[in-house]
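# Understanding the architecture of this molecule
If you want the building blocks of each chain, they are given just below.
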Amino acid sequence: MSTIQQDSPNTTTTEEILHAFLECSDALQDGVKAMLRIVFDPDTTEDEKAMAKHTIADILFPNYYNGNLGMDLEEAENDAAAANEELKGIISEMDLEEATFSDALRVGMERAGVTQRELAEKIGVGQPAIANMLKRQCRPQMRTVVRIAEALGVCPGDLWPPAKKRSVD
Amino acid sequence: MSDKIALPGALTGNFFVRAIRPAFHDAHRVLPRMRDRAELRRQSLKLRFWPEKTPVDESEQVLDIDWTWIQALKGHHIGELRIHDEIGGKDNLRVIFFVPQSRQPLPTLWVIAVLQKKSMHFTSANIATFKARKQVVIERFYGKG
């Protein structure tokens with residue numbers, strides 16, 4: 001009996017694949033066919049082929065988490081961190097970076113005497129971006145940190161000490 | 001479609017942000033380091049603040065990240081978040097998201113792909129992949145064929 005190798009060590013039989021395919025709607029079957037064309041096209045890249053293969057796998061063998069398709073990104077972070085010490089450490093570090101930035105931003109704005117709206121206008125974002133950075137709900141891109149630093153007349157490193165490390169990594 | 005929708009927790013912003021399994025695989029492929037994926041996840045979570053009324057503009061910002069609708073998929077409500085920073089030494093990272101027309105059963109935006117964009121336009125293979133993944137979401141979460 002012919003088999004194909006999945007991500008798990010288990011194998012899936014051709015019959016199971018065919019059965020899964022026939023269970024799909026016409027639209028999803030069309031999706032599988034389109035993905036197979038990508039996989040067997042000599043001109044597509046390895047990245048494109050990999051994306052197509054994962055799409056086929058997801059169409060034929062759906063993944064449900066807590067009964068639903070896909071995974072909530074916040075939940076994914078919390079669940080993964082609870083099960084993985086390394087990730088837990090990374091998340092704590094990121095939270096600390098954001099908290100430090102938020103405090104430095106607040107102080108910098110007070111010193112410069114600018115409102116959220118004024119700062120937002122200066123750096124070309126909406127006011128909610130600034131509000132959420134202060135609430136630690138928006139991890140700024142380094143581009144944003146640099147723009148804020150320029151607007152407040154401080155060094156980027158005063159706002160985000162590991163700036164260098166993050167951009168070089 | 002599931003009969004019961006498990007609530008992922010308190011809603012921060014306007015939308016929950018869910019990713020389908022192939023998007024996680026994409027992220028693993030593009031960013032092998034856990035820390036880099038955590039960074040990408042935090043950037044992607046800015047989609048929580050997607051405006052409640054779907055923007056009519058072609059491109060804008062969500063918090064401090066630029067986004068644009070994918071021109072080749074006009075009317076499909078599929079956009080790209082343009083990550084400006086390099087993450088894990090990778091530039092031009094894109095998070096491809098789908099904005100369903102329905103806010104039921106939960107206001108949710110979907111991350112359907114992650115890739116490093118290497119040319120000006122998405123390839124036809126990219127476009128076909130995004131369409132197929134969107135179809136999975138529509139049928140398997142919203143129960144629409």
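These lines cover the structure that appears in this document, whether it is placed above or below. Computed from a prediction, not measured in an experiment: that's the story for all the values here.

Cut-off values and rules
- Residues numbered from 1 in each chain as written.
- Chains lettered and ligands numbered in written order.
- Predicted model: local features only at pLDDT ≥ 70, side-chain atom pairs only at ≥ 80, totals over all residues.
- Heavy atoms only, no water.
- Pairing = 2+ DSSP bridges.
- Helix = DSSP H or I, 4+ residues; strand = E, 2+ residues; numbered from the N terminus.
- Contact = heavy atoms within 4.5 Å.
- Buried area = accessible area lost by both parts, 1.4 Å probe.
- Salt bridge = Lys/Arg side-chain N within 4 Å of Asp/Glu carboxyl O.
- Polar contact = N/O pair within 3.5 Å; in protein donor to acceptor, adjacent residues only side chain to side chain.
- Nonpolar A, V, L, I, M, F, W, Y, C, P; charged D, E, K, R; others polar.
- Buried < 20%, exposed > 50% of the residue type's maximum accessible area, 1.4 Å probe, protein only.

### Digging into the sheet that holds strand β1 (residues 16–19) of chain B
Strand pairs in the sheet, formed through backbone hydrogen bonds, run parallel or antiparallel to each other. Here we have seven strands laid out as an open sheet, ordered β5(A)-β1(B)-β6(B)-β5(B)-β4(B)-β3(B)-β2(B), and mixed in their pairing. If you trace the sheet from one side to the other, it starts and ends with β5 (71–72) of chain A together with β2 (59–62) of chain B, each paired once.

### Structural notes on the interface of chain B and chain A
On the chain A side, the residues contacting the 61 residues of chain B number 64 residues. Interface of chain B and chain A: buried area, both sides summed, is about 5,300 Å²; carbon and sulfur atoms make up 52% of it. A per-residue breakdown of the area chain B buries against chain A is headed by B:R35, B:R42 and B:R140, which together make up 15% of the total. Put simply, chain B and chain A have 12 salt bridges between them. A salt bridge links A:E77 to B:R41, with the shortest nitrogen-to-oxygen separation between them at 3.4 Å. Across the chain B-chain A interface, the total number found is 36 residue pairs in polar contact (both at pLDDT 80 or more). At the level of elements, β1, α1 (21–30), α2 (34–44), β3 (65–69), β6 (108–116) and α3 (124–140) of chain B are the ones that each hand at least two residues to the side of chain B that touches chain A. The greatest single-element share of the side of chain B that touches chain A, amounting to 12 residues, is contributed by α3(B). Class assignment for the residues of the side of chain B that touches chain A results in 28 nonpolar, 13 polar and 20 charged. Here two bridges tie β5(A) to β1(B), and the two strands are oriented antiparallel to one another. When the sheet's bridge partners are listed, A:M71 is paired in β1(B) with B:A19.

### Some details on the side chain of B:D36
Residues and elements named next belong to chain B. Positionally, D36 belongs in helix α2. Given the relative accessible area of 7%, D36 is considered buried. A polar contact is formed between the side chain of D36 and the side chain of R33, at a distance of 3.1 Å. Non-local contacts of D36, meaning those with residues more than four positions away in its chain, are made with L31, I87 and G88.

Taken by themselves, the reported measurements are silent on function.
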